[in-house]
Amino acid sequence: MKKLIKLSFIGLLAAAISLPAKAQEGNKETIAIPLSSPGEKGKLEVGLVNGSINVAGYDGKDVIIEAVSGGGKNDDRGVVTPTGMKRISSNPMELEATEKGNTVKVSTNSWAVTMTLNIKVPKNFDLKLSTVNDGDIDVKGVTGAHEISNVNGEITMTQVGGSTVLNTVNGDIKVTLESVNPEAQMAFTTLNGDVDVTFPAAVKATAKMRSDRGDIFSDFDMVIEKSAPKVDKSSSNGVYKVSIEDWVFGKINGGGKEYLFKTMQGDVYIRKK
Amino acid sequence: MKNLLLIILLVGCFGYARATETEKIKIEKTLKFATPSPDNVLEIYNINGSLQIEGYDGQEIMVTAELTISANTQALLDKGKNEMSLGILEDDSALVLYNKAPFIHNERIEGPCNCHWNWSKDVDYKFSFDFKVKVPRGVNLHVRTVNDGFIAIDGMNSNVSAHHVNGDVTLTQMGGSVEARTINGELLVRHTKAPVGGNSYYSLNGDVNVYYPGEPDADITFKSFNGSFYTDMERLEVMPPAWTKEVTEKNGSTKYKLTQKNNIKVGKGGNLLAFETFNGDIYVKKSK
C-alpha cells in the first residue's frame, strides 16, 4: 500500500516536472453548509469509492467540508498520444452536498478521482461514512450513532461517544470511546487487521468475541463463557455440510448490550480507560 | 415454424409500410438585410437535414432549401406538402429561417410555450430540409439542426453559433468567435485568426478538433469524462483548477455543488476557450 502511494507520488512529481504546474494550489476548496436547525443533532452521510474521510467535531454550527482532490490515478493504459502532441490529463473533481432537516448527504465523483474530505461537524452528530479504496477513515471528537465502513483501509476514532458500528476488510480498527450509549449494540469487525477498542471503565456490556487466527486481550475483568460450538448441519443432494461457529462471550461489569468484536487475521484488544 | 411465419409476416408489413412516396421541392430565396450592421444575424432553426453555409464577399443572402417529404400514401404526401413550408421572418437585425408547420412550435418566432408535440401521432410523414446558403462574411450566424445531416460552415468573419444533435459540425476558415456543440458527432473547427473574446466547443460523444494559427494567448478550460486533452502548443502553463460553487434550494433541501475545471494558460492568457466532451478526446493544434 505504502509502496503504491510512493509510486503514484513519483508519478505526480514526474507530471509536475514535465509541465510547469501550479496545479497543487488549486486542489483544495472549502464549503460551509449551514444546518436547517442549528444547534440540534444532525447527521452526516458520506460515501466514497477512492479516498479518505476525516471528520472532526468542533464548536461551530455549520458543517464545513474541505475537499482536496488529487492523488488520482491517471490511467495511461491504452492511450496513444499522437506524434508531436502532449497529453494533459487530470481528473477534475466534483462534489455535491445536500442538506435537508439537519442531514447532510455528500456525493462525489470519487469513482474517478481520489480525494480527501476533511469535514468539521458540530460535536453532537451522527455519522454514516464509507470508503473503499486508497483511504482511511478518521473521526475525532464526535458523539452520536456512527456507522462506518471501509474496505482497504483503517478506521480510527478518538474521543468519540455514543455508539459505533464499524466494519473494514483490510485494515485495523482503532477506537477510543469516551462515553457509550447504554441502549445501543455495537460492532467492530475486520478481516485482516487488529481490532483495538478502548471503553470507559464503567461500561456495561456483553462482548461477543472471535479471532480466527489471533488472540483476544483485555484488561477488563470479564466473566468469560465459552459457548459450546454451534454446529450447523445441512444436507442437500446427499452431501452433508457441517459448520462450527465458535464464539467467546465475556460479561463486562455484569453484562449489558451485545458488543461484537471479530477479526480473522489479527488480534482483538478490549481496553479499559 | 410458426415464428418464422410471423417474422415473414412482420417483415412483409414493414416492407409494405416502407413503400413510400417521396417528393423533393426546391426553394430558392434571395434575402437582404434592410440595414446592414455588424449586429446582423442569420438564424436557422432546422429539425431534419443539413446546413451548408458559405461566406462570400457579396451583400445578399442566397438560400437554397431542398425540402424532402416522404409518406406512405399519396394522400399523406399531399398533406405534408400542404403543411410544411420554409418560414422566413425578418426582424430588425435578424433574418430567421425555420421549419413551418402546424405541429412545430418555434420559440424564437412564437415565444415560449409548454407545448409538446407527439411525433408519431401528429406527424404521419417524414420531412427534411437541406439548406445551402451563401451569406456575406460579416453576418453573424446562429444555426440549429437536430437530425439527419451535418453542419458545415466555411469562411465567416463573424460570430458563429452552431448546434447540432445527431451529426457532425465542421467549421472552417473561421475568422470570428465560435460557439459550437453537438451531441452525437465530431466537432472540427479551423480558425484563421487568434481568438478575440471567448470560444466554446462541446461534443458529448465525439472528438473535438480545433486548429488555431500559431499559439494564441488564451486561458483554456477543459473537461472530459472518458477522454483526454491533447495539444501541440508549447507555451503552456498548467494552472490551478478553477472551482465553481453552486447553491440551489428545492423542497426544503439545499444543494451545494463544487466542481473543478482544468485550467491551462497559453502564452499570456486572456481569451477564454472552453472545451468539453464526455466520451471524446480534445485536440487543440497549431494549423500548418
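Residues numbered from 1 in each chain as written. Chains lettered and ligands numbered in written order. Predicted model: local features only at pLDDT ≥ 70, side-chain atom pairs only at ≥ 80, totals over all residues.

Caption draft 1: Representation of the overall build of chain B within the structure. Of the regular secondary structure elements, chain B holds 4 helices and 21 strands. Considered along the principal axes of its C-alpha atoms, chain B spans approximately 65 × 55 × 50 Å. Across the 288 residues of chain B, 35% fall into the buried class. Across chain B, every contact between residues at least 6 apart in sequence was considered, and the portion connecting residues at least 24 apart equals 58%. (Helix = DSSP H or I, 4+ residues; strand = E, 2+ residues; numbered from the N terminus. Buried ≥ 20, exposed ≤ 12 C-beta atoms within 10 Å, placed from the backbone. Contact = placed C-beta atoms within 7 Å.)

Caption draft 2: Here's a closer look at the overall build of chain A. Per the secondary structure count, chain A includes 1 helix and 23 strands. The buried share of chain A, reckoned over its 273 residues, is 35%. Within chain A, counting contacts between residues at least 6 apart in sequence, those at least 24 apart form 59% of the total.

Caption draft 3: A look at the sheet that holds strand β5 (residues 86–88) of chain A. If you trace the 11 strands from one edge of the open sheet to the other, you get β5(A)-β17(B)-β21(B)-β15(B)-β13(B)-β11(B)-β9(B)-β3(B)-β7(B)-β4(B)-β1(B), paired in mixed fashion. The outermost strands of the open sheet, each flanked by one partner alone, are β5 of chain A together with β1 (21–31) of chain B. Across the sheet, the axes of successive neighbouring strands diverge by a mean angle of 10°, strand direction being ignored. Here helix α2 (residues 74–83) of chain B sits on the sheet in contact with β1, β4 (61–71) and β7 (126–136) of chain B, set at roughly 155° to β4 of chain B. (Pairing = 2+ DSSP bridges. Axes fitted to C-alpha atoms, helices over the stretch in contact; angles between N-to-C directions.)

Caption draft 4: A look at the interface of chain B and chain A. Counting from both sides, the interface comprises 26 residues of chain B and, opposite them, 32 residues of chain A. A total of 11 residues in the side of chain B that touches chain A trace back to one element, the largest contributor, which is strand β19 (residues 253–266) of chain B. Taken together, the residues that form the side of chain B that touches chain A break down as 11 nonpolar, 8 polar and 7 charged. (Nonpolar A, V, L, I, M, F, W, Y, C, P; charged D, E, K, R; others polar.)

Caption draft 5: Here's a closer look at the pairing of β4 of chain B. Residues and elements named next belong to chain B. The two faces of β4 differ: I61, V63, A65, L67, I69 and A71 on one face are buried, but M62, T64, E66, T68 and S70 on the other face are not. Here β1 runs beside β4; their pairing, made up of 11 bridges, is antiparallel. For E23, the partnering residue across the bridge sits in β4 and is I69.

Caption draft 6: Looking closely at the pairing of strand β7 (residues 103–108) of chain A. Residue and element names in this part refer to chain A. Burial along β7 is one-sided: V104, V106 and T108 are buried, and none of T103, K105 and S107, which face the opposite way, are. Both strand β2 (residues 42–47) and β7 contribute to a ladder of 4 bridges, which runs parallel. Paired with V46 across the strands is V106, a residue of β7. Between strand β6 (residues 94–100) and β7, which pair antiparallel and follow one another directly, the connecting turn spans 2 residues, one of which, G101, has a positive phi of 55°.

Caption draft 7: Up close: unusual backbone geometry. Residues and elements named next belong to chain B. The residue D148 is not glycine, and still its phi comes out positive at about 50°. Structurally, D148 is set in the loop between β8 (140–144) and β9 (151–156). Given 17 C-beta atoms within a 10 Å radius, D148 is considered partly exposed.

Caption draft 8: Broad picture of the confidence of the model for chain B. Residue and element names in this part refer to chain B. Considering every residue of chain B, the mean pLDDT works out to 87; 90% of them sit at 70 or more. Within chain B, the lowest mean pLDDT, 48, falls on helix α1 (residues 2–18), and the highest, 97, falls on strand β10 (residues 160–163). Contacts for the low-pLDDT stretch residues 4–16, under 50 throughout, to residues beyond four places or in other chains number 0 contacts. For this predicted complex, the interface confidence reaches an ipTM of 0.72, while the overall pTM sits at 0.70. (pLDDT = per-residue confidence, 0-100.)

Caption draft 9: Region of the structure containing the confidence of the model for chain A. On average, chain A scores 85 in pLDDT, and the residues at 70 or more come to 86%. With pLDDT under 50 throughout, residues 1–24 of chain A is counted as low confidence; its partners more than four residues away or in other chains account for 14 contacts.

Caption draft 10: Summary view of the nonpolar core. If you look at the biggest cluster of nonpolar residues, it comprises 59 residues, and the most contacted ones within it are L141, A162, L171 and V189 of chain B. The dominant element in this core, judged by the number of residues it contributes, is β4 of chain B, at 6 residues. Grouped together as the second largest cluster of nonpolar side chains are 53 residues, V175, V195, V203 and A207 of chain A included. (Core = buried A, V, L, I, M, F, W, Y, C linked by C-beta atoms within 7 Å.)

Caption draft 11: Broad picture of the environment of I151 of chain B. All names here are of chain B. Its place among the elements puts I151 in strand β9. Placed 24 residues apart in sequence, I151 and G175 show a C-alpha to C-alpha distance of 17 Å. In this structure I151 touches L51, V143, T145, A162, H164, G167 and V169, once residues within four positions along its chain are discounted.

Caption draft 12: Broad picture of the environment of K32 of chain B. All names here are of chain B. By secondary structure assignment, the location of K32 is in the loop between β1 and β2 (41–45). In this structure K32 comes out as partly exposed when scored by C-beta crowding, with 13 C-beta atoms within 10 Å. On a C-alpha basis, the gap between K32 and M62 in space is 8.8 Å, while along the polypeptide they are 30 residues apart. In contact with K32, not counting residues within four places along its chain, are Q59, E60 and I61.

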